[in-house]
Amino acid sequence: MFKNILSLIFFVSIYQLSMAQGDFVSIGVGPGMLYADNSGEYRAFKFKIQPAATISINKQISDFLSVRANIGAQMLNSGGYDPLNHRRVVNWGNQDQAFDFTGIAYFLDVTPILITNPNSQGMVASPFHFYAGLGFGAMYVEREQKVLKNGLIIDGELVQGDIITTNENNIVPYIPLKIGVSTNLEYEWDYAVEFSLMTGLNSEIDGNNMKTKTLQPDMIGQILFTVRRYIGRPW
């Protein structure tokens, strides 16, 4: 139901925004990662890289400013803990917190975008545009998660415990930060590389809200390679 609502809002936005010249639609794909309590050991570089994809509609407000609506999805995989017999996992289980999960996050956000070097009339245009934006959004997370119940560790070994697997879902509001560079070919098509960071306003993406990591909110980071198609003339 939530995914249908996201799609409806996005395509209504496309209809309303596409009437302005200089606007564009874009498609982006690339790798993404999750920063969460149970998503890996970051100091040891043990975490999962998962695919992500977005569709965007951009409305140009002025030379410097535009507003972008983004809808997309990213696969999620905690990567698990190796070995399982970690006292942290037992403590999580005692508080009904997941130690492992797989799933997908569907996200929608609206982000004002600032272009640092826009085209100026009478001046030679830069071959590249640099931009950044900060907005607000919400993601719907579906996941299959695992919780270790009645865990017991003796001499560093897990000797007792039951793994309970359940299907869960929840909504996480987030703050999107986008930084990128795009070509400025002054034709119908342009291309961009963009870093996107989605900082959750809670720690619920992974089914674990113990907040034992260095930064408490759950975060999703993506590097997206995008293709833009201008609806009207390039701005």
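As the structure is a prediction and not an experimental result, all values here were calculated from the model. (Residues numbered from 1 in each chain as written. Predicted model: local features only at pLDDT ≥ 70, side-chain atom pairs only at ≥ 80, totals over all residues. Heavy atoms only, no water.)

(A) Quick peek at the overall build of the protein chain. Check the secondary structure of the protein chain and you find 2 helices and 11 strands. Ordered by position in the sequence, the α and β elements of the protein chain form the string α-β-β-β-β-β-α-β-β-β-β-β-β. Every one of the 235 residues in the protein chain was classed for burial, and the buried ones make up 43%. Taking all contacts inside the protein chain whose residues are at least 6 apart in sequence as the whole, residues at least 24 apart take part in 72%. Within the structure as shown, the protein chain displays about 12,200 Å² of accessible surface, and the carbon and sulfur contribution to it stands at 61%. (Helix = DSSP H or I, 4+ residues; strand = E, 2+ residues; numbered from the N terminus. Buried < 20%, exposed > 50% of the residue type's maximum accessible area, 1.4 Å probe, protein only. Contact = heavy atoms within 4.5 Å. Areas by Shrake-Rupley, 256 points an atom, 1.4 Å probe, with all protein chains shown as cover.)

(B) Representation of the pairing of strand β7 (residues 128-134) in the model. Where burial is concerned, the two faces of β7 differ: the one with His129, Tyr131 and Gly133 is buried and the one with Phe128, Phe130, Ala132 and Leu134 is not. Here 3 bridges tie strand β6 (residues 100-115) to β7, and the two strands are oriented antiparallel to one another. For isoleucine 115, the partnering residue across the bridge sits in β7 and is tyrosine 131. (Pairing = 2+ DSSP bridges.)

(C) Structural detail: the side chain of glutamate 194. Inspection of the secondary structure puts glutamate 194 in strand β10 (residues 189-200). Look past the residues within four positions of glutamate 194 in its chain and what remains in contact with it is Arg68, Tyr131, Lys178, Ile179, Gly180, Gln222, Ile223 and Leu224.

(D) Local environment of the pairing of strand β11 (residues 219-230). Sheet analysis places strand β1 (residues 24-35) next to β11, joined by 10 bridges and oriented antiparallel. Bridging from a neighbouring strand, leucine 34 pairs with isoleucine 220 of β11. Inspection of the sheet shows β10 paired to β11 by 11 bridges, in the antiparallel sense. Note on β11: the bridge partner recorded for threonine 199 is methionine 219.

(E) A look at the packing of aromatic side chains. This structure, assessed with the given rule, holds 1 aromatic pair. With centroids separated by 5.7 Å and ring planes inclined at 75°, the aromatic side chains of phenylalanine 24 and tyrosine 230 adopt a geometry described as edge-to-face. Placement of the pair is phenylalanine 24 in strand β1 and tyrosine 230 in strand β11, with a sequence separation of 206 residues. The residues phenylalanine 24 and tyrosine 230 share a single accessibility class, namely buried. (Phe/Tyr/Trp six-rings, centres within 6.5 Å; stacked < 30°, edge-to-face > 60°.)

(F) Region of interest: the environment of serine 182. Within the fold, serine 182 resides in strand β9 (residues 157-183). The class of serine 182 is buried, set by a relative accessible area of 1%. Residues serine 182 and tyrosine 131, 51 residues apart in the sequence, show an inter-C-alpha distance of 8.2 Å. Setting aside residues up to four positions removed in sequence, serine 182 forms contacts with Pro127, Phe128, His129, Tyr131, Tyr191, Ala192 and Arg228. Within the structure, the side chain of serine 182 is placed 3.5 Å from the side chain of arginine 228, a separation counted as a polar contact. (Polar contact = N/O pair within 3.5 Å; in protein donor to acceptor, adjacent residues only side chain to side chain.)

(G) Here's a closer look at the nonpolar core. Membership of the largest hydrophobic core comes to 13 residues, with the highest contact counts inside it found for Leu34, Leu76, Met139, Ile205 and Ile220. Of all the secondary structure elements, the ones that give two or more residues to this core are β6, β8 (136-154) and β9. No other element matches β6, which puts 3 residues into this core. What leucine 76 contacts, discounting residues up to four positions off in sequence, is Leu34, Gln50, Phe101, Thr102, Gly103, Ile104, Ala105, Val141, Ile205 and Ile220. Residues Val90, Trp92, Phe99 and Leu148 belong to the second largest nonpolar core, which totals 6 residues. (Core = buried A, V, L, I, M, F, W, Y, C linked by side-chain atoms within 4.5 Å.)

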